[in-house]
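Chain residues, written in single-letter form:
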Amino acid sequence: MKVVEPDAATAGKYFLRVSGGDLHNDPDSVPRLTSLSLFGDDAPLEMEVGCGSGEFLCSLAESRPDTNFIGLDVHLKSLHKGIEAASEARLGNIKFVSVDFRQAYPLFVPDSLDTVYLHFPDPGMKARDKKRRIFDGRFLDEMHRAVVAGGKMSLVTDDEDYFGRMLGLIEKEKRWNRTHGEPHLVGFEPKVKSRFQTLWERRGKKVYRFELRNRKADWR
Ligand SMILES: C[S@@+](CC[C@H](N)C(=O)[O-])C[C@H]1O[C@@H](n2cnc3c(N)ncnc32)[C@H](O)[C@@H]1O
């Protein structure tokens, strides 16, 4: 991937780097992941977990200027690519955060997110890596708190094993409702497809999808 590192002004506008050390030693020094803290306003906030090079998120930000978007990822080069695209398009409602998502849970504030996207998360090949998958019981718990009542979560994967695990957890869930009658959806047709969706579809892989709505209001 050919990438240009952002200059200081561009990084200042589009980038937040959160180190594991700061999260561990001085979590209060790290900004919370809210619209107010990151954008200085109270617009609705949407987040992509593992946003990669940000094609999907940038297209959402471009088409909905009244909403803020954050993309979180651990891979710096991918984030630089997203920052480059956001800067070229002069977007004012998107930021990229370099952080290991599994360490970022203390940065979320209740009722601060409108929508969470987890699209094509790394499935992990070895048993050890599968244990580090982002979608698990804790993810559902933490996002239940962070997402507003009626807010949504969009989950997309091409990996049959990960899909089975998602389906198993979602079928037991009482705090999230599927927005669709079917147990899952097949295919995903956003205006702009992400790098990995394009890649996997070109290789003939099937795409599985769930859309969940937070039942927080019924749950309180
Ligand atoms: C298969 S890629 C998908 C990227 C993007 N969503 C897409 O559809 O093109 C998975 C992404 O998740 C990121 N990732 C994996 N584990 C992560 C973690 N613990 N925290 C944040 N990002 C993570 C990877 O760096 C990678 O960019």
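Along every chain, residues carry numbers that run from 1 in the direction the sequence is written. The predicted nature of this model means local features are confined to residues of pLDDT at least 70 and side-chain atom pairs, given and counted, to a pLDDT of 80 or more, with totals for whole chains, interfaces and linings taken over all residues. The side-chain numbers reported here are obtained from all heavy atoms of the structure, hydrogens and water having been left aside.

**What about the side chain of S98?**
Step number 1: Here a strand is any run of E in DSSP of at least two residues, a helix any run of H or I of at least four, and the numbering for each starts at the N terminus. Its location among the elements puts S98 in strand β4 (residues 94-98).
Step number 2: Here, two residues are considered to be in contact whenever any of their heavy atoms come within 4.5 Å of each other. Look past the residues within four positions of S98 in its chain and what remains in contact with it is F15, L16, R17, V18, D73, L76 and L79.

**With respect to the domain arrangement of the protein chain**
Step number 1: Assigned domains of the protein chain: these are domain 1 (1-109) and domain 2 (120-220).
Step number 2: Domain start and end points were adopted from an automatic or database domain assignment. Using only C-alpha atoms to locate each centre, domain 1 and domain 2 end up separated by 21 Å.
Step number 3: Listed by partner, the interface residues are 13 residues for domain 1 and 14 residues for domain 2.
Step number 4: Accessible-area loss on putting two parts together, using a 1.4 Å probe and summing over both, is the definition of buried area adopted here. Taken together, both faces of the contact between domain 1 and domain 2 bury some 1,200 Å²; the carbon and sulfur share is 70%.
Step number 5: When the buried area of domain 1 at its contact with domain 2 is split by residue, F56, R102 and Y105 rank highest and sum to 46% of it.
Step number 6: One side-chain nitrogen of Lys or Arg within 4 Å of one carboxyl oxygen of Asp or Glu is enough to make a salt bridge. Taken together, the links from domain 1 to domain 2 amount to 0 salt bridges.
Step number 7: Under the rule applied, a polar contact is a pair of N or O atoms within 3.5 Å (in protein, one hydrogen donor and one hydrogen acceptor; residues adjacent in sequence only if both atoms are side-chain atoms). Between the two partners, domain 1 and domain 2, sit 1 residue pair in polar contact (both at pLDDT 80 or more).
Step number 8: When residues of the side of domain 1 that touches domain 2 are traced back to their parent elements, those giving at least two are β2 (45-49) and α4 (55-63).
Step number 9: With 4 residues, the top contributor of residues to the side of domain 1 that touches domain 2 is α4.

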